[in-house]
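Summary of the model geometry
Single-letter residue listing:
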Amino acid sequence: MKIIVCIKQVLDTAAKIEIQGEKVVSPGSPFIMNPYDEFAVEEAVRIKAALPESEIIVFSMGPDSVKETLKRALAMGADQAVHLTDPLFEGLDNSLVAKILAKAIQKQSFDLVLCGRQAVDDDMAQVGPALAVLLEIPFITIVTQLQFSDNFQTADITRQVEGGSEVRKNMSLPFLVTCQKGLNEPRLPSLKGIMAAKKKEIQNLSASDLGLEEGLLNPRNNKLHEIKLSLPPERKKGIILEGSDEDIAKQLATIIREEEKII
Amino acid sequence: MDNKFTIVVVVEHDQNAIKPVTFEVLNAARTIADSVIAYYFSDNAEVDVEPLIQGGADEVKICHNSDFASYTHETYAAALKAEIEKTQPDLILLSASNNGKELAAEMATRLDVGLATDCVDLQLSEGEVIVKRPVFSGKAYSLCRLSGAKPYLVTLRPNIFRGEGTAETRTGNVVKEEINLPDFSKIVGELTREVGAELDVTEARIIVSGGLGMQAPENFKFLEDLAEVLGAAVAASRPVVDNGWQEYSHQVGQTGRTVSPDLYIACGISGAVQHLAGMSSSRCIVAINSDPHAPIFSVADYGIVGDALKIVPLLTKEFKNILGDQG
Ligand SMILES: Cc1cc2nc3c(=O)[nH]c(=O)nc-3n(C[C@H](O)[C@H](O)[C@H](O)COP(=O)(O)OP(=O)(O)OC[C@H]3O[C@@H](n4cnc5c(N)ncnc54)[C@H](O)[C@@H]3O)c2cc1C
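Described below are features of the structure shown in this document. Please read these numbers as outputs of a predicted model, since none were measured by experiment.

Across all of its chains, the model carries 4 cavities of 30 Å³ or more by this definition. Considering only enclosed or pocket space, the largest cavity measures out at about 400 Å³ in volume. As for the largest cavity, its lining consists of 33 residues, of which Arg117 and Gln118 of chain A together with Ala96, Asn98 and Lys101 of chain B are closest to the centre. Contributions of two or more residues to the lining of the largest cavity are made by β9 (139-148) of chain A together with α4 (98-111) of chain B. In terms of residue count, the dominant contributor to the lining of the largest cavity is α4 of chain B (3 residues). The calculated volume of the second largest cavity comes to roughly 150 Å³.

Okay, here's the thing in structure tokens:
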């Protein structure tokens, strides 16, 4: 099976952020693989363990630092990595990112495409479904279980919905899924994996390698334009309730009903 | 076309029970649109749509086909694409539910138009659609403008746009039409759904949430009791989920669900950045923690320094008293 995994590098989730010159910054914080993309890489590696003739290619777009994240995916067990890198790719919105990814993925054959459910920086949840539409393959989002048949031709796919789940039975390849927590437990790269990754090559692809017109790759073609970034409004300073446990419970119940009028 | 601003709302329902989030979307639509058209994709032509009109729809279009027995993005996207060719809306508005976000992303790509997901504010300013959306799981907010071909697609975060709700005096048209759908049976195959009676954390108005400070899985019974009295949903921090004490769908935080209830009661939760990211936009936050320096107190409106295992049962009793007394 030929498996494509799309990953994004994001700011560490523990980072405290500031806004400087219309950009989110977090001095000193590391960049990590988007947590949901780890589920995607892990799932690919598990499929390959069950079906050794599989091949895993990871794709990521972004600045040079993205190579670190691609290396991590290689160390987890991916076979090849492709870095979509070009100054022209900067500042593009997700609809354009999906178009570039689609163009790069279409350069080879594939059976399965795995993405994360959303990136924890822009939280758009757009690229996965958009990519599937552009690749003209079926897709299922927010997947918590991917159960292949014995011959790996079809799969039963469980998706999270509000208050429960739904299962699509016997989906035939090719398809794209966006991965959600619950799908698996992503491994930490082993020392052996890290060593092996050093020997694997990261291929660079630029806009011209992909035959993309420069005219398309212009932030002016974005459909979503940021006007302003702001920090969330400060919450008003809270009150610590004092007294015996019984007193406190009474006070809180009264406040919630009479002052906050929530119940 | 005239310059009336038309919004299409896609009704989200579960076996023809309309989801409360749909009324929030209608409410948001009504406040900025000249005309609101609600599309109801159903397997049943006889569904009751009066609440949608009371909620703000000027027209409800019931598009029926037996393939609408359950939502699938394939059927919804195909129907919506065909329908909006007739109605030519400026904006398609959905809830930022799992289905809503999926459908919006698909539609935006098929139509090659702009998309903004999970918005907490929606304005129409001199003909431009301006939205505000949390990024970095709510650690920052991005004010954005949509541009390019229409209709734009916008999904709205649940619990933010409740407004004043429905009005019985509103009137509107109801149109019913049986519509054709492409055959998706090869792709969709057999679909089974398992949805419990339990309130989803993203849809709950009150959330009682537990962290590792609850000490043991059996102590979540205290939270369930309190939740039952308040009509609340139970949520949890990540390690609670990782320990298997609660299901993942209950995890609140940057890698869990993002919630904005009226009341969030955090019990034995330290308040790590990743947790705060998922709940700090709640209207009122109560924190119960034995450590007076726990970071959760920095976002709490009301803090209780103490043992959650003792305080939660007392709260259950007090709320029961109050609610019992005054109905
Ligand atoms: C990539 C990544 C993503 C993450 N995503 C999430 C996420 O989505 N959601 C999330 O929640 N976390 C997430 N985390 C984990 C997060 O960093 C914290 O580890 C986690 O939120 C801590 O959970 P907790 O508050 O339950 O436990 P702890 O931090 O252990 O806190 C327990 C608290 O309980 C208090 N306590 C102890 N006993 C009592 C008692 N009897 N009564 C009252 N209080 C008591 C203690 O004082 C302490 O403050 C993520 C971490 C990473 C690295």
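Another point: the site of the ligand. With respect to spatial proximity, 26 residues lie near the ligand, and among them Ser237, Thr255, Ser270, Gln274 and Asn289 of chain B are the closest. Per-site note: the chains with residues close to the ligand are chains A and B. Between the ligand and the protein, one listed contact pairs an oxygen atom with a backbone N or O atom of leucine 212 of chain B at 2.8 Å. Between the ligand and the protein, one listed contact pairs an oxygen atom with a side-chain N or O atom of histidine 275 of chain B at 2.8 Å. Out of a free accessible area of 990 Å², the ligand has 76% covered by protein chains. Looking at the shell around the ligand, the elements that each hand over two or more residues are α7 (238-242) and α8 (273-279) of chain B. Looking at the shell around the ligand residue by residue, the class counts come to 6 nonpolar, 17 polar and 3 charged.

All names here are of chain B. Here the structure, examined in full by the defined rule, presents 9 aromatic pairs over all chains. With 6.0 Å between their ring centres and 15° between their planes, tyrosine 39 and phenylalanine 41 make a pair best called stacked. For the pair tyrosine 39 and phenylalanine 41, a shared accessibility class is recorded, and that class is buried. Centroid distance phenylalanine 41 to tyrosine 76: 5.1 Å. Interplanar angle 75°. Geometry classified as edge-to-face. A residue pair is termed long-range when its members are at least 10 positions apart, and phenylalanine 41 in strand β4 (residues 35-42) and tyrosine 76 in helix α3 (residues 73-87) qualify at 35 residues.

Conventions we followed
- Residues numbered from 1 in each chain as written.
- Chains lettered and ligands numbered in written order.
- Predicted model: local features only at pLDDT ≥ 70, side-chain atom pairs only at ≥ 80, totals over all residues.
- Heavy atoms only, no water.
- 1 Å grid on protein atoms, 1.4 Å probe; cavity = no way out; pocket = protein on both sides within 12 Å on 5 of 7 lines; lining within 4 Å.
- Points joined across faces, edges and corners; volume = space filled by probe spheres on them.
- Helix = DSSP H or I, 4+ residues; strand = E, 2+ residues; numbered from the N terminus.
- Near = heavy atom within 4 Å.
- Polar contact = N/O pair within 3.5 Å; in protein donor to acceptor, adjacent residues only side chain to side chain.
- Areas by Shrake-Rupley, 256 points an atom, 1.4 Å probe, with all protein chains shown as cover.
- Nonpolar A, V, L, I, M, F, W, Y, C, P; charged D, E, K, R; others polar.
- Phe/Tyr/Trp six-rings, centres within 6.5 Å; stacked < 30°, edge-to-face > 60°.
- Buried < 20%, exposed > 50% of the residue type's maximum accessible area, 1.4 Å probe, protein only.

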